[in-house]
Amino acid sequence: MVSHIENGEIKHFSANSCLMPICGVFGKAVTTVEGIGSVAKNRLHPVQERLAKAHGSQCGFCTPGFVMAMYALLRNNPNPTVADINLGLQGNLCRCTGYRPILEAFYSFAVDENGTLKVSEDNTCGMGENCCKNKKSNGASCGGSEDVTPGYTGGERKRKIQLSDLSDCKPYDPTQELIFPPELKLHGYETMSFAYDHHHTKWYQPVEYDDLLSLKRELPHARLISGNSELAIELKFRFIDLPAVINPRQVRKLHERHLEENGVYMGTGMSLTDMDNYAVQLVKELPKDQTGVLKHVHEMLHWFAGIHVRNVASVAGNIATASPISDLNPIWMASNAQVVLDSEARGEKKVHIDEKFFLGYRKTVIQPDEIIKAVIVPLLTKNEHFAAYKQAQRREDDIAIVTGAFLVDLDPESSIVKSIRISYGGMAPTTKLALSTMEKLKGLKWSQEFLDKALGLLSDELKLPAGVPGGMSQYRLSLALSFFFKFFLEVSKKLNLTEIQYLEEDMKIGQDVPETLYATQLYQEVNANQPAHDPLGRPIKHVSGDKHTTGEAVYCDDINVADCQHIAFVLSPIAHGTLNSIDYTAALELDGVIGYLDASDVTTGAQMGHHSDTPVFVKDKITFHGQPIAAIVATDHELARKAASLVKLDYSQEKPIVTIKQALAAESFVFKHFVIHSSLNDNETVVKNDWSKYDRVVEGEIDMGGQEHFYLETQQCLVIPHEDDELEIIISNQCINDVQIEVAKCLGMAQHKIQTKVKRIGGGFGGKESTGAILAVPASLAAKKFGKPMKIKFERFDDMAITGTRHPFTLQYKLAVDENGKFIDLDYTALSNSGHTIDLSMGVMQRAMVHADNVYKFANADITGKMCKTNLASNTAFRGFGGPQGMFGTEIMVKHVAEQFGLDHDEIRVKNFYQEGDCTPFGMHLNQCNVARTWEECRANSDYDKRLEQVRKFNENNKFRKRGIYLTPTRFGIGFGLKQLNQAGALVLVYTDGSVLVSHGGMEMGQGLHTKILQIAARCLEIPIERVHIHDTSTDKVPNASATAASVGSDMNGLAVQDACRQIMERLAPFKKLNPDGKWDDWVKAAYVERVSLSASGFGIIHHEPVDFFNGKGAELFGYSVYGTACCEVEVDCLTGDHHLLRTDIVMDVGESLNPAIDIGQIEGAFIQGYGLFTMEEIKIRPDGIRLTRGPGNYKIPSADDAPRHFNVSLLGNSSNKMGIFSSKAIGEPPLFLGSCAFFAIREAVRAYRIQNGNSDYFAFHSPSTPERIRMACEDFVTSHVPPLPEEGSYTPWTTSV
Ligand SMILES: Cc1cc2nc3c(=O)[nH]c(=O)nc-3n(C[C@H](O)[C@H](O)[C@H](O)COP(=O)(O)OP(=O)(O)OC[C@H]3O[C@@H](n4cnc5c(N)ncnc54)[C@H](O)[C@@H]3O)c2cc1C
Ligand code: FES
């Protein structure tokens, strides 16, 4: 948060530290998360306290950002509304939590008009009519407990709604906040001009307007740095040299704002937030018909970046950048706004932002010595009508795909168009006026024919070539036309032109999204007889929760050692080819560069990976874009990056294989194919049924895209060389054992010389399972070569290029059903895009295959898996590990059967559900098969049947908005696919003061593993949890630990800890017997005196039986399965492809939960991650294998705005798991597939639109359901104006579906 004095008043605003130049805060006060509260000092700020208490952090990496966003909001507005809070969180992302607990914590600061807290016990229940309160005779609050499930195996338990009770949190008292530093007030540094030299860049900060103009005359090529939100990106990624920059923000004259005769003058010193506030003020003060443009500026700014960017960014920066996808430039162009340009040489002039203003891609008429002084926003006349629209991949904080702005001057009597201005962003290399259409529409009557003509003209004028940069040529044109249609209807409605079709249609979606949060978490409370100190089964908060909120939690990059050097990779700019030579000359000339590393440094000649197929550095063959070719070592990270960018590569290029289709054609696979034949479970031979005898067969193919892990902490590693050739490796990784093995292999060392450790990881999700060697091996090589500690940290941009993603899949199926929809015979082929090496593709494929049945019994099933080798980064583990891909194809089949044969999809499901004891195609018998229970409970909790009817009615009554509601079940098998991985170790040390240190092989990455392990240890040792501690995970405490993956972290490590604790308790037993009235500390001391060992190593294994994937013979692969069902309701804007997730209900079977707070957090987080996977996260790769999606700018994960405001999670009651530690079930991965429920609900809405337009056939709807896919599936009179794509192969598309 930045604080400063403006007009004598102290103002605070949030800002992104990565965009804020340090000189830009000269004289201002900066508050970071460390400054507002501290665990060490036993003083948490109310924002921190509530967030931790509401279980609002998991890995904790995003948490300081959320805390500061909320803190900055409260400092300006101690009584925010829910809408204020939503706005305040724009731009903050969390990849773990699913946002619900964060919103719940922060909404507790919100007040209604009476000043009372918005979130209270009475209005948070999302169960609606099913709220337990309504079922209680006394109508008591649902925050209390309710008796359920008598006869429950663990004794009688209570069901409780509401995970966290914030009522005992400290009230927020603004008077207790930090004061503005008096010395800043006193000296007024902020109002002083200065110049500052640093790193070859001179920073000028004038305060007088004339000085600014003089500077610009003297230094015409100096860049102005207003908000730095554009320039920072250029500096970061293009390494441009800036000899001089001028910060104009302190020039008071640039902050002027006033009304002029025909418009509103806004100085460009204003931030976009200031501009927004001024626009809102004027909309309130001025006559309504004048303020159309201002109103739309305000509306557009809501969707422009996030609040932390808008707090610093300027309108001048936006105009000067001249981005073709700027959100404001179309508004300025359509409204005929002006800019005031000024220069010392030629003085001030006003220029219209019109077709002559933007000269080309990112070029304007502004001269080097000119500044943009102000923008003049027109006020409208009575007969002018204005509107603007934007569509992005994600609604909030995303750059536009297309923005449209429209101004029409209509004669009120004749409805003749006197003039019309139509402007678009995203339709050309510059913001574009549709000049020809505008000219031809002038003088025409505003009518139904006018619309048809306008759509035709716009289609002709705006048509994009099929391979247009940015891609989506058809969608972009559809959007441009749809926006015009929306404008047409809006104006017609305003004028009440009753002859116009669809006048009664309400086009705005999401109107029913509740203002606040209606969320319920239903779980079973522990038995009343459980001792108070026994934490097991209780919803205790994450053991690092408080530290996450204060920034005191330590991650890999927080660890600093003396004389540490930094490494940056030189990456391949092509996907396939041969490296001829590398020239380091320019890089080595930079001061501070100490050397380089390349393939010649790998003297063992070893390669990385389980299959030793991944070169550390390219030797000759380049196999993917982003492949490490060499590395530069330098004294700091930025210098190393810059030097790496100067390395010259000489290579020859070859045609890459990028897609599954291309790999199939070239027979390019990473390994031989796998098979499963269900008939082998009963016979010795594969039963091949005669398909011609079936009457009802569906056959199809569906694609499912990959997914970037987007852990908030990118991959990091620090290697410290020690005596005796030892290496200490601190790494942000899920499998330190693999890191140790790979470093030992590639450096030719013994494993015992390498200590690998991790304290916590800022999110992993599988992306840090097999990838650690990519960092650790080069860093270890460099540490040895240069004899110094080495740090390597990936920029997001590089992390997304170097490491793989969730595997994209194509799923081919042929399914025979009987007349009732019962599944008879299945032929299913899963094809994965594995990338350039094997990595974990075999395991991923096997899991896809053993989940291809999802929750359904197939009389006969033959399943094949083919792993395609392509020139992409090696695709890898991702939460679900192929399971979601396998199940997705199955659920598509269910839809295909239902739609082809006119059956009810829910009935098909129920008819085919597995029953207790059924055998899967891969030979596992399902015990305690709870799929039907979760289904029925979810159906009832969500009020599905009633709401389905309401959705049907809604769809009958709305033409362009459609809703869909859907139920999706899931089953997930628990255990690693490889036998030896299903083991874990632990070390429990008891000290003479009675304190206990537990070490185990699992890594804490936000999933709450350490918290659960502490609960287990406390239960086993019968001591309070506070007596037990975990330092970190390290290979010198527990050797040979499996990756923390496959959801079995607490199952396996819990067993190992339990085993170690059992040994300790057995040794203490005689002392307890001797001193029954004694306490833990007495027994420990007595054992010590008697020379009894107080440490034990434990070991645990979980069930595994290998399936023979080469011959297709099944086995009892997993110990157990986890079941769940979700219900989602969505609303879709069929004209734009936008959607809102209105409500989600989930029932999940977690057995007897070890910690309901953590389990529910995992369910919500996995659901939202799955929701992102299936609806908005789209990896974009060019046909030549160049990866385009390499950062948050173009890869969109769900934001807080996307999380459903009606979000209920219920843990299935009366489920106990004899195969799990303390009867619990694993939870990390199983709920992820439930995110597909939103996809299918969207598909239902799209289908309703298609049926309305006369198309009721089954349609292949691939995942993710991006706005583009939704809109293009919603074929209608608008899309009929969009020309078809030319024949495949006749053009090069911008991106390709891999
Ligand atoms: C996370 C993020 C999200 C974004 N989202 C959006 C979005 O949704 N929509 C959108 O349109 N843009 C978006 N942007 C782009 C950017 O924020 C805007 O273009 C912003 O308005 C730039 O303003 P600035 O003050 O930060 O520019 P700066 O980075 O300070 O400057 C950009 C350019 O403008 C020039 N300049 C600055 N001030 C002046 C002046 N007074 N006179 C002449 N030239 C000047 C500079 O020399 C420089 O070349 C986003 C950027 C980020 C980082
Ligand atoms: S807790 Fe938010 S990213 Fe991990």
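As named in an unreviewed UniProt entry, the protein is FAD-binding PCMH-type domain-containing protein, taken from Caenorhabditis briggsae. Regarding the protein, the UniProt comment filed under Sequence similarities (unreviewed entry) reads as follows: "Belongs to the xanthine dehydrogenase family."

Before going further, it helps to examine the pattern of salt bridges. Working definition: two side chains of opposite charge can pair if their charged atoms are close together. For the coordinates displayed, the defined rule picks out 68 salt bridges. R1182 is paired through a salt bridge with D1184; the nearest N and O atoms lie 3.8 Å apart. Relative accessible area serves as the criterion here: at 19%, R1182 is assigned to the buried category. Classification of D1184 by relative accessible area gives partly exposed; the value is 31%. Salt bridges linked by common partners bring D512, R947, R961, R963, E1129, E1131, R1143 and D1145 together as one network.

Looking at ligand 1, there are 28 residues lining it, with S226, G227, S229, S314 and D327 nearest. I372 has a polar backbone atom sitting 2.8 Å from a nitrogen atom of ligand 1. Look at ligand 1: alone it shows 980 Å² of surface, and the protein chains cover 88% of it. With five residues, the top contributor of residues to the shell around ligand 1 is helix α12 (residues 315-321). Tallied by class, residues from the shell around ligand 1 come to 13 nonpolar, ten polar and five charged.

Mapped onto the present numbering, the UniProt feature "binding site: [2Fe-2S] cluster 2" (unreviewed entry) falls at C59, C62, C94 and C96. The largest pairwise C-alpha distance within this set of annotated residues, which runs over 38 residues, is 9.4 Å, so the set is compact in three dimensions. Looking at where C59 falls in the secondary structure, it is placed in the loop between α1 (46-53) and α2 (63-76). Not counting the four nearest positions on each side in its chain, C59 is found in contact with C96, H548, Y555, I761, G762, G763, M1005 and G1006. With respect to the helices and strands, the residue C94 is situated in the loop between α3 (82-88) and α4 (100-107). What makes C94 buried here is its relative accessible area of 4%. Residues contacting C94, with those up to four places away along its chain left out, are C62, F66, Y99, I102 and I1197.

The subject of this paragraph is the pairing of strand β19 (residues 417-425). β19 sits mainly inside the fold: seven of its nine residues count as buried. The antiparallel hairpin formed by strand β18 (residues 400-410) and β19 contains six residues in its connecting segment, where S415 sits at a positive phi of about 60 degrees. As paired strands, β19 and strand β20 (residues 432-433) are joined by two bridges and run antiparallel to one another. Paired with Y424 across the bridge in β20 is K432. What sits between β19 and β20 in their antiparallel hairpin is a turn of six residues, with G426 showing a positive phi close to 90 degrees.

Mapped onto this numbering, the UniProt entry annotates "binding site: [2Fe-2S] cluster 1" (unreviewed entry) at C18. Taking relative accessible area as the criterion, C18 reaches 64% and is therefore assigned exposed.

Let us now look at the packing of helix α9 (residues 272-285) against helix α10 (residues 292-302). At their nearest, the axes of α9 and α10 sit 9 Å apart, and the two run at 140 degrees to each other. Viewed along their axes, α9 and α10 adopt a mutual orientation that is oblique. As α9 packs across α10, the resulting crossing turns out to be left-handed. The segment α9 lies against α10, with L272, M275, D276, A279, V280, L282 and V283 engaging L294, K295, V297, H298 and L301. Taken together, the residues that form the contact of α9 with α10 break down as nine nonpolar, one polar and two charged.

What follows concerns the confidence of the model for the protein. Interpretation of this model should avoid reading the predicted coordinates in detail wherever pLDDT is low. Of the residues in the protein, 96% reach a pLDDT of 70 or more, and the chain-wide mean stands at 95. The low-confidence segment residues 119-124 (pLDDT under 50) makes 18 contacts with residues lying over four places distant or belonging to another chain. The low-confidence segment residues 136-155, where pLDDT is below 50, has 48 contacts with residues more than four positions distant or belonging to other chains.

Turning our attention to empty space enclosed by the protein. In total, this model carries nine cavities of 30 Å³ or more according to the counting rule given. Each pocket or cavity is described by its volume, and for the largest cavity that value is around 350 Å³. Residue assignment for the lining of the largest cavity shows that the elements contributing at least two residues are α21 (736-747) and α22 (772-786). If one sorts the elements of the lining of the largest cavity by residue count, α22 sits on top with four residues. Partitioning the lining of the largest cavity into residue classes produces twelve nonpolar, 13 polar and four charged. When its volume is computed, the second largest cavity comes out at roughly 100 Å³.

Once that is clear, we can look at the packing of aromatic side chains. Applying the stated criterion across every chain yields a total of 49 aromatic pairs. Ring centres of F485 and Y502 lie 6.4 Å apart, and the angle between their planes is 85 degrees; this geometry places the pair in the edge-to-face category. Here Y502 lies in the loop between α16 (473-494) and β21 (518-525) and F485 lies in helix α16, a separation of 17 residues in the sequence. Taken together through their ring pairs, the aromatic side chains of Y389, F406, Y424, W446, F450, F483, F484, F487 and F488 make up a single cluster. Taking NZ or CZ as reference, K672 lies 4.8 Å from the ring centre of F1110, over its face. For K814, the ring lying beneath its charged end belongs to W691, and the centroid distance is 4.6 Å.

With that settled, consider the sheet that holds strand β2 (residues 9-13). Taken together, three strands build an open sheet; the order of strands is β2-β1-β3 and the sheet is antiparallel. Lying at the two open borders of the sheet, with one neighbouring strand each, are β2 and β3 (29-30). Two elements, strand β1 (residues 2-6) and β2, share five bridges in a ladder whose sense is antiparallel. Across the sheet, the residue bridging to E6 is E9, located in β2.

For the bond from S1263 to P1264, the omega torsion is 0 degrees, close enough to zero to count as cis. Positive phi is not limited to glycine here, since R362 has a value of about 60 degrees. For R362, the position within the fold is in the loop between β14 (358-360) and β15 (363-364).

A cluster of nonpolar residues, I233, F237 and F797, forms a patch on the protein surface that exposes about 240 Å² of accessible area. Mapped onto the fold, F237 is located in helix α8 (residues 231-238). Of the residues examined, F237 reaches a relative accessible area of 35% and is grouped as partly exposed.

Attention now goes to α2. Over its 14 residues, α2 extends 20 Å from the first C-alpha to the last, a length consistent with the 20 Å expected when each residue adds 1.5 Å. Burial analysis of α2 places eleven of its 14 residues in the buried class, the great majority of the element. Of the surrounding secondary structure, the elements contacted by the buried residues of α2 are β2, α1, α3, α4, α11 (307-310) and α17 (545-550).

Thresholds applied
- Residues numbered from 1 in each chain as written.
- Chains lettered and ligands numbered in written order.
- Predicted model: local features only at pLDDT ≥ 70, side-chain atom pairs only at ≥ 80, totals over all residues.
- Heavy atoms only, no water.
- UniProt positions renumbered as here; feature names shortened; annotations may be inferred.
- Salt bridge = Lys/Arg side-chain N within 4 Å of Asp/Glu carboxyl O.
- Buried < 20%, exposed > 50% of the residue type's maximum accessible area, 1.4 Å probe, protein only.
- Near = heavy atom within 4 Å.
- Polar contact = N/O pair within 3.5 Å; in protein donor to acceptor, adjacent residues only side chain to side chain.
- Areas by Shrake-Rupley, 256 points an atom, 1.4 Å probe, with all protein chains shown as cover.
- Helix = DSSP H or I, 4+ residues; strand = E, 2+ residues; numbered from the N terminus.
- Nonpolar A, V, L, I, M, F, W, Y, C, P; charged D, E, K, R; others polar.
- Contact = heavy atoms within 4.5 Å.
- Pairing = 2+ DSSP bridges.
- Axes fitted to C-alpha atoms, helices over the stretch in contact; angles between N-to-C directions.
- Parallel < 35°, antiparallel > 145°, perpendicular 65-115°, else oblique.
- Left-handed = near helix turned anticlockwise from the far one by under 90°.
- pLDDT = per-residue confidence, 0-100.
- 1 Å grid on protein atoms, 1.4 Å probe; cavity = no way out; pocket = protein on both sides within 12 Å on 5 of 7 lines; lining within 4 Å.
- Points joined across faces, edges and corners; volume = space filled by probe spheres on them.
- Phe/Tyr/Trp six-rings, centres within 6.5 Å; stacked < 30°, edge-to-face > 60°.
- Lys NZ or Arg CZ within 6 Å of the ring centre and 35° of its normal.
- Patch = residues over 30% accessible without salt bridge, like charges linked within 9 Å, V, L, I, M, F, W, Y side chains within 5 Å.
- Expected span 1.5 Å × (residues − 1).

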